[in-house]
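Topology and contacts: notes
Each chain, letter by letter, is given below.
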Amino acid sequence: MSHSRSLIALFVLGGASLACAEPRPAEGQTQALPRPWDPQLGGRLRVAPDRRIRDPLGREVLLRGVNVGKKSGDLLPPHSAADVASLVKATGINFVRLYVSWRGIEPQPNVYDPAYLDGIATQVKRWNARRVYVLIDMHQDLWGGTFAGHGAPEWATLGGKSTVKAVDGPWQLRYADPAVWRSFEALWSNQRVPATGKGLQDHLAGAWVALVKRLQGRPGIVGYDLLNEPFFGAEVERELKGIGIGALRPAAKIGLRATAKATFRGLVSQLDPHPTLLPDPLRLGRAVGAAKRGFLQGLDEAARDPKLFQESLAALGPANTRFAARLSRFYSRVGGAVQAADPEGLLFVEPMALSGIGVPSRMPRPSLRNLVYAPHLYDAFVDSGQAWDGKPERITAALWAHRAEAKRLGAALVLGEWGNAHRHEGLEGFLGATAKLVNRAGVSAAYWDHEPGEERGESFLKAVGPYPRRVAGTLRTFMTRPGRFATIYAPSSAPLAGPTVLVVPKHSFPHGVRVSTPTRIRASWRYDATRDLLLVRCPPGSKGVMIVIVEPGEPGAPTSGVTTREVR
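We now turn to the structure provided with this report. Nothing here was measured: the structure is a model prediction, and the numbers come from that model.

1. Remarks on the overall build of the protein chain
A count of helical and extended segments in the protein chain gives 14 helices and 22 strands. Each of the 568 residues in the protein chain was classed as buried or not, and the buried ones make up 53%. Accessible surface computed for the protein chain: about 24600 Å², of which carbon and sulfur atoms make up 56%.

Right, here's the structure in full:
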């Protein structure tokens, strides 16, 4: 906390800065980085004992990027090699969560589609060629089968046919469809597939192993997200019958009181100026409609109260805790098969889907190495298509709960999804506030999601700004604002740790950078304008806290080549 206050003070007061003013190399000449300054952006990653993701040199790696994929057609991301190059050049991301489909891998029981596996391998190579780590995500929404165009194949859908024709409201309400949650239940209970006599978990594990073997443990694969947004099975029927209503009761009570006047005014407004005893049926229908809208508005306003909102989420906590024990066993079983096929890959595990908006989770630790806790971070209202109310309290509480859960599990923390799939007015403000929160927490994260060419839009750029890519030490926090980017970290004492690597994209620093390091540590730095990287080195054995502040260079400052300046 004290470091955050110091950083805020530095942002306000500023500090002595040194501009990158050395002339660029003559045309046709190159200025190679000496080996001590090589950013060394490759190598497989591991989860260190301090729960940080680290590279072969021991540097902390912050994974920052986007989700990519497609939920229809060939079920492969639409990104060409040129699309990948454009995105990486514009933003400097080092991470994609590439979502794939079980139905694409195993369209028939025990039959793995070589064309689909080859397509995934091609995508991985495209991103790896641009030094971007790939997380393979086994994606689903609404289970799959006949409910969605991706996810589980029809033959693995053992929960019956849907009886829900349409849903008036957010698509997530379809999770209440009995056929959906019974399909999940078949997975959690490892129900046998009639055609093979093999358990459903065993089929999914087999699909994973087929994919991992096809990818051959490429060093650019960071790991495997075992199942996107797992959802309740029998808990919906067995444990949630009274909880759902109970969770809404506090807000509903307030909502009724808050809308009493609006309801009364709605009724009165529909009466004739010279009313008879009762309004006619048409006016009465309008009155009922006005009353309904007033109640829902009041309910929404009440639910936005931080205390009531947290009470509603907490009501689902006990059921989620019981479900999490089954989920952990699933991860141990399926993740164990994946880890046997690729012992060095990181295993990403997600809590129940609603934990992404703050429902408490208490998952027992799965029996896996290199464990990463990978929850999502969404605002319950914005994710349902509503306008953001400008209050970050809900996502703040969810993020801090995620951090506590990762610590309890002894796992690294990566936000597998954050952002918003709805393009509506006010989105930029929401994305900016969420990005600021995630940055201050100093956690790895993947924005949902990216389509080719989207990097040219202002809304998207709110989500992908400067960030510390590799830290020779331990990251404390970093902050961005227009015209300034600051990183705070504790330097490593290892003499071969390599430089700290900061990404300073052109969209934030079009004319190069000015750098200041207002600490007692005598550090040197280099700006590589050809790759939008700032490299910082601290002497071995440095103690204390390192602060690096980056500001825009002046017009006419070098925008290509490599410049060097030592800070004393």
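There is more to say after this.
2. Some words on empty space enclosed by the protein
Rolled over the atoms, a probe sized like a water molecule indicates the empty space that remains. Under the defined criterion, the tally for this structure stands at three cavities of 30 Å³ or more. The volume enclosed by the largest cavity comes to roughly 110 Å³. Along its surface, the largest cavity is lined by 13 residues, and Ala472, Ala494, Ala497, Gly498 and Cys538 are the ones closest to its centre. Taken as a whole, the second largest cavity encloses approximately 70 Å³ of empty space. Tallied by class, residues from the lining of the second largest cavity come to eight nonpolar, three polar and no charged.

3. Side note on the pairing of strand β14 (residues 467-471)
For β14, the buried fraction is high: five of the five residues fall into the buried class. Bridge analysis of strand β4 (residues 60-61) against β14 gives two bridges, and the strand direction is antiparallel. Bridge pairing in β14 places Val61 opposite Arg470. Bridge count for β14 against strand β17 (residues 500-503) is three bridges, and the pairing is antiparallel. Bridge assignment links Pro468 to a residue of β17, and that residue is Leu502.

4. Here's the deal with the nonpolar core
By size, the foremost hydrophobic cluster in this structure holds 99 residues, and its most contacted members are Trp102, Trp127, Ile136 and Trp208. The leading source of residues in this core is helix α6 (residues 200-215), at eight residues. Leave out the neighbours within four places in its chain, and Trp127 touches Val68, His79, Val84, Leu87, Val88, Ile93, Val96, Leu98, Val132 and Val134. Membership of the second largest hydrophobic core comes to 28 residues, among which are Leu62, Leu475, Trp525 and Val548.

5. Notes on the packing of helix α12 (residues 393-409) against helix α13 (residues 427-441)
Running from N to C, α12 and α13 cross one another at 25°; their axes reach a closest spacing of 11 Å. As the angle between them shows, α12 and α13 are arranged roughly parallel. For α12 against α13, the interelement crossing comes out right-handed. Two secondary-structure elements touch here, α12 through Ile395, Thr396, Leu399, Trp400 and Arg403 and α13 through Phe430, Thr434, Leu437, Val438 and Ala441. Taken together, the residues that form the contact of α12 with α13 break down as seven nonpolar, two polar and one charged.

6. A closer look at the packing of aromatic side chains
Evaluation of the coordinates by the stated rule reveals 19 aromatic pairs. Plain terms: the ring middles of Trp188 and Phe323 are 5.5 Å apart, the flat faces sit at 70° to each other, and that makes the pair edge-to-face. Taken together, the residues span a long stretch of sequence, with Trp188 in helix α5 (residues 178-188) and Phe323 in helix α11 (residues 317-341) at a distance of 135 residues. Across this residue pair, the class does not change: Trp188 and Phe323 are buried.

7. Regarding unusual backbone geometry
Note the cis peptide between Trp448 and Asp449, where omega equals -20°. Summarising the element assignment, Asp449 is placed in the loop between β13 (444-448) and α14 (458-461). Phi at Arg51 is positive, roughly 70°, even though this residue is not glycine. With respect to the helices and strands, the residue Arg51 is situated in the loop between β2 (46-47) and β3 (53-54). Judged by relative accessible area, Arg51 falls into the partly exposed class, the value being 29%. Despite not being glycine, Trp143 shows a phi value in the positive range, around 70°. For Trp143, the location among the structural elements is in the loop between β7 (133-138) and α5. Residue classification places Trp143 among the buried residues on the basis of a relative accessible area of 3%.

8. Here we look at helix α4 (residues 114-128)
The terminal C-alpha atoms of α4 lie 21 Å apart, and with 15 residues this matches the ideal 21 Å at 1.5 Å per residue to within 8%. Regarding α4, the residues found buried are Tyr116, Leu117, Gly119, Ile120, Ala121, Gln123, Val124, Trp127 and Asn128. The N-cap of α4, judged by a side-chain oxygen 3.0 Å from the amide nitrogen of Ala115 a few residues on, is Asp113.

9. Things to note about the environment of Gly390
Along the chain, Gly390 turns up in the loop between β11 (376-377) and α12. Exposure remark for Gly390: the relative accessible area of 41% places this residue in the partly exposed category. In the structure, Gly390 is positioned 40 residues away from Phe430 in sequence and 7.1 Å away in space, judged by C-alpha atoms.

10. A word on α11
Between the first and last C-alpha of α11 there are 35 Å, a value that for 25 residues agrees with the 36 Å anticipated at 1.5 Å per step. Taking the largest bend as the criterion, α11 deviates by roughly 30°, centred on Gly335.

11. Some words on the side chain of Gln201
Looking at where Gln201 falls in the secondary structure, it is placed in helix α6. Polar side-chain contacts of Gln201 include one of 2.9 Å to the backbone oxygen of Leu187. When sequence neighbours within four positions are dropped, the list of residues in contact with Gln201 reads Leu187, Trp188, Asn190, Phe330, Arg333 and Val334.

12. Some points on the environment of Arg440
Inspection of the secondary structure puts Arg440 in helix α13. Taking the C-alpha atoms as reference points, Arg440 and Thr480, separated by 40 residues in sequence, lie 8.9 Å from one another.

13. Some remarks on the pattern of salt bridges
Two side chains with opposite charge may pair up if their charged atoms get near one another. Following the criterion strictly, the structure yields 24 salt bridges and no others. A salt bridge links Glu350 to Arg97, with the shortest nitrogen-to-oxygen separation between them at 2.9 Å. Of this pair, Glu350 sits in the loop between β9 (346-349) and β10 (371-373) while Arg97 sits in strand β6 (residues 95-100), and the two are 253 residues apart along the sequence. Like Glu350, the residue Arg97 is buried in the burial classification. Within this structure, Arg97, Asp137, Asp225, Glu350 and Glu417 form a network of salt bridges that share partners.

About the cut-offs
Residues numbered from 1 in each chain as written. Predicted model: local features only at pLDDT ≥ 70, side-chain atom pairs only at ≥ 80, totals over all residues. Heavy atoms only, no water. Helix = DSSP H or I, 4+ residues; strand = E, 2+ residues; numbered from the N terminus. Buried < 20%, exposed > 50% of the residue type's maximum accessible area, 1.4 Å probe, protein only. Areas by Shrake-Rupley, 256 points an atom, 1.4 Å probe, with all protein chains shown as cover. 1 Å grid on protein atoms, 1.4 Å probe; cavity = no way out; pocket = protein on both sides within 12 Å on 5 of 7 lines; lining within 4 Å. Points joined across faces, edges and corners; volume = space filled by probe spheres on them. Nonpolar A, V, L, I, M, F, W, Y, C, P; charged D, E, K, R; others polar. Pairing = 2+ DSSP bridges. Core = buried A, V, L, I, M, F, W, Y, C linked by side-chain atoms within 4.5 Å. Contact = heavy atoms within 4.5 Å. Axes fitted to C-alpha atoms, helices over the stretch in contact; angles between N-to-C directions. Parallel < 35°, antiparallel > 145°, perpendicular 65-115°, else oblique. Left-handed = near helix turned anticlockwise from the far one by under 90°. Phe/Tyr/Trp six-rings, centres within 6.5 Å; stacked < 30°, edge-to-face > 60°. Expected span 1.5 Å × (residues − 1). Polar contact = N/O pair within 3.5 Å; in protein donor to acceptor, adjacent residues only side chain to side chain. Bend = angle between axes of the 7 residues up to and from the residue. Salt bridge = Lys/Arg side-chain N within 4 Å of Asp/Glu carboxyl O.

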